[in-house]
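Close look at the chain arrangement
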Amino acid sequence: MRFIGSNIDAHDLREKYKNYIAVEENIPIGMTQNFDQDDTLDKWSESLSFRQNIERCFGFSFPTQETTEKEEFIVECGVCYTHRIADENGEETVIPSIACGNSNCGKNYHENCLSEWLQSLPDAKQSFGKLVGTCPYCCESIAVKLK
């Protein structure tokens, strides 16, 4: 599972998810025979759908097509203002996968768009296989992998 968003916002979700899927591994040795699978709501249940497990894990319901407008699901890139673009080979389409770490900004970017933006900045720096510069919206530090 991959969480897209600022590290501050996504950190809690990552931790909840890790704890939720790891509960069965934390059952003390010897208790597995007496442990009732329904004793806890804090573990993945194969009898539930993926969506139901995720909603139970995070403690809230996700929007559905019946309750939400299509425009609310689409995340657009802060550079090109589109949702999907073709990859380098022109075959698959990719959605914005890099988010600004500033919780007040949180703009999302396609990897290629952000890379081109950062390459255009005179003060962008290359370090440890990443190109580091500033977010186009809030000027917070942001990085993308070099290709």
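Above: the structure in question.
So, a few notes on the structure that sits alongside this text. (Residues numbered from 1 in each chain as written. Predicted model: local features only at pLDDT ≥ 70, side-chain atom pairs only at ≥ 80, totals over all residues. Heavy atoms only, no water.)

**Structural notes on the sheet that holds strand E7 (residues 141-145)**
Strand order in this open sheet of 3 strands is E5-E6-E7, and the pairing throughout is antiparallel. Edge strands, defined here as strands with exactly one partner in the open sheet, are strand E5 (125-127) and E7. Pairs of neighbouring strands in the sheet enclose a mean axial angle of 30°, with direction left out of account. Pairing of E5 with strand E6 (residues 130-134) involves 3 bridges; the strand directions are antiparallel. Counterpart to Gln-126 in the pairing with E6 is Leu-131. Contacts from helix H3 (residues 111-119) reach E6 and E7 within the one sheet, and its direction differs from that of E7 by about 120°. (Pairing = 2+ DSSP bridges. Helix = DSSP H or I, 4+ residues; strand = E, 2+ residues; numbered from the N terminus. Axes fitted to C-alpha atoms, helices over the stretch in contact; angles between N-to-C directions. Contact = heavy atoms within 4.5 Å.)

**Some thoughts on unusual backbone geometry**
Of note in this structure, Phe-128 is not a glycine but carries a positive phi near 50°. One non-glycine residue with positive phi stands out, namely Cys-139, at about 65°. Topologically, Cys-139 is positioned in the loop between E6 and E7. Relative accessible area serves as the criterion here: at 58%, Cys-139 is assigned to the exposed category. (Buried < 20%, exposed > 50% of the residue type's maximum accessible area, 1.4 Å probe, protein only.)

**Focus: the packing of aromatic side chains**
For the coordinates displayed, the defined rule picks out 1 aromatic pair. When the centroid spacing of 6.1 Å and the interplanar angle of 25° are considered together, the rings of Phe-58 and Phe-60 count as stacked. Judged by relative accessible area, which is 6%, Phe-58 ranks as buried. Lys-107 extends its terminal NZ or CZ atom over the ring of Tyr-137, reaching a point 4.6 Å from the ring centre. (Phe/Tyr/Trp six-rings, centres within 6.5 Å; stacked < 30°, edge-to-face > 60°. Lys NZ or Arg CZ within 6 Å of the ring centre and 35° of its normal.)

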